[in-house]
Amino acid sequence: MLLPKKTVWRKPHRVKYEGKAKGAKTIAFGKYGLQAFEGNWLTNNQIESARIAIMKFIKKEGKMWIRVFPHYAKTAKPIQVRMGSGKGAVEKWVAVVKKGTVVFEISGVDEKIAKKAVYAAGNKLPIRWKFISKEVNN
């Protein structure tokens, strides 16, 4: 499960996912990737289930990179608790994904297998996404 070892702030303010990504918009490590078409929060469980879906297809042939990490804590108060008395406890860890962010990258496998792996992983995520490939200039 992905979660930070140490954080500066236990309960950060809400981070917005609207707008376009500043970085991680292109493929840097692999040959194929999954790019977010809209912004959202991805929880550590969603990232992990997508990672497992990719690994089922690429097995030990290929290599995979996860380009997002759940740094931010999302808090929630228990049900039927009165207003006041501070912020709620940390419920889950999320990664802020903006439009255009490359979430996963794959290399070392055929394009057909990479597409199947990305489609399987994309179905686990609560965002619209697209399959992208790196242009190879010879």
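Residues numbered from 1 in each chain as written. Predicted model: local features only at pLDDT ≥ 70, side-chain atom pairs only at ≥ 80, totals over all residues. Heavy atoms only, no water.

*Asks:* Please explain the overall build of the protein as it appears in this structure.
*Replies:* The number of helices and strands found in the protein is two helices and seven strands. Its helices and strands in sequence order give the protein the pattern β-β-α-β-β-β-β-α-β, from N to C terminus. With the C-alpha coordinates of the protein rotated into their principal frame, the extents come out at 60 × 30 × 25 Å. Counting across all 138 residues of the protein, residues that qualify as buried make up 37%. By sequence separation, contacts in the protein at least 24 residues apart represent 80% of the contacts at least 6 residues apart. Computing the positive centroid from 30 side-chain charges and the negative centroid from 9, the protein places the two 9 Å apart. (Helix = DSSP H or I, 4+ residues; strand = E, 2+ residues; numbered from the N terminus. Buried < 20%, exposed > 50% of the residue type's maximum accessible area, 1.4 Å probe, protein only. Contact = heavy atoms within 4.5 Å. Lys, Arg positive; Asp, Glu negative; His and termini not counted. Charge placed at Lys NZ, Arg CZ, Asp CG, Glu CD.)

*Asks:* Sorry, what's going on with the pattern of salt bridges here?
*Replies:* Side chains bearing opposite charge may pair, as long as their charged atoms lie close to each other. A complete count under the given rule lists three salt bridges for this structure. Here Arg-128 ties to Glu-38 by a salt bridge, and the two come within 3.5 Å at their closest N and O atoms. In this pair, Arg-128 is assigned in the loop between helix 2 (111-122) and strand 7 (129-133) and Glu-38 in the loop between strand 1 (32-36) and strand 2 (40-43), connecting sequence segments 90 residues apart. Arg-67 is the salt-bridge partner of Glu-105, the closest N and O atoms lying 2.2 Å from each other. (Salt bridge = Lys/Arg side-chain N within 4 Å of Asp/Glu carboxyl O.)

*Asks:* So what exactly am I meant to see when it comes to a positive patch on the surface here?
*Replies:* Together, Lys-20, Lys-25, Lys-99 and Lys-130 give the surface a local cluster of positive charge. Looking at the secondary structure, you find Lys-99 in the loop between strand 5 (89-97) and strand 6 (102-107). Using a relative accessible area of 42% as the deciding quantity, one classes Lys-99 as partly exposed. (Patch = residues over 30% accessible without salt bridge, like charges linked within 9 Å, V, L, I, M, F, W, Y side chains within 5 Å. Areas by Shrake-Rupley, 256 points an atom, 1.4 Å probe, with all protein chains shown as cover.)

*Asks:* In this structure, what is going on with the side chain of Ser-107? I would like to understand it.
*Replies:* Assignment of secondary structure puts Ser-107 in strand 6. Aside from chain neighbours lying at most four places away, what touches Ser-107 is Gly-30, Lys-31, Gly-62, Lys-63 and Trp-65.

*Asks:* Would you mind showing me how to read the packing of helix 1 (residues 44-58) against helix 2 here?
*Replies:* Packed helices, taken two at a time, are described by their axes: the angle between them and the distance between them. At a minimum axis distance of 8 Å, the contact between helix 1 and helix 2 shows a crossing angle of 160°. Here helix 2 runs roughly antiparallel to helix 1, going by the angle between their axes. Classified by chirality, the crossing of helix 2 by helix 1 is right-handed. On helix 2, the residues touching Ala-50, Ala-53, Ile-54, Phe-57 and Ile-58 of helix 1 are Ile-113, Lys-116, Ala-117, Ala-120 and Ala-121. Among the residues making up the contact of helix 1 with helix 2, the classes are represented as nine nonpolar, no polar and one charged. (Axes fitted to C-alpha atoms, helices over the stretch in contact; angles between N-to-C directions. Parallel < 35°, antiparallel > 145°, perpendicular 65-115°, else oblique. Left-handed = near helix turned anticlockwise from the far one by under 90°. Nonpolar A, V, L, I, M, F, W, Y, C, P; charged D, E, K, R; others polar.)

Geometric descriptors of this kind do not, in isolation, establish any biological role.
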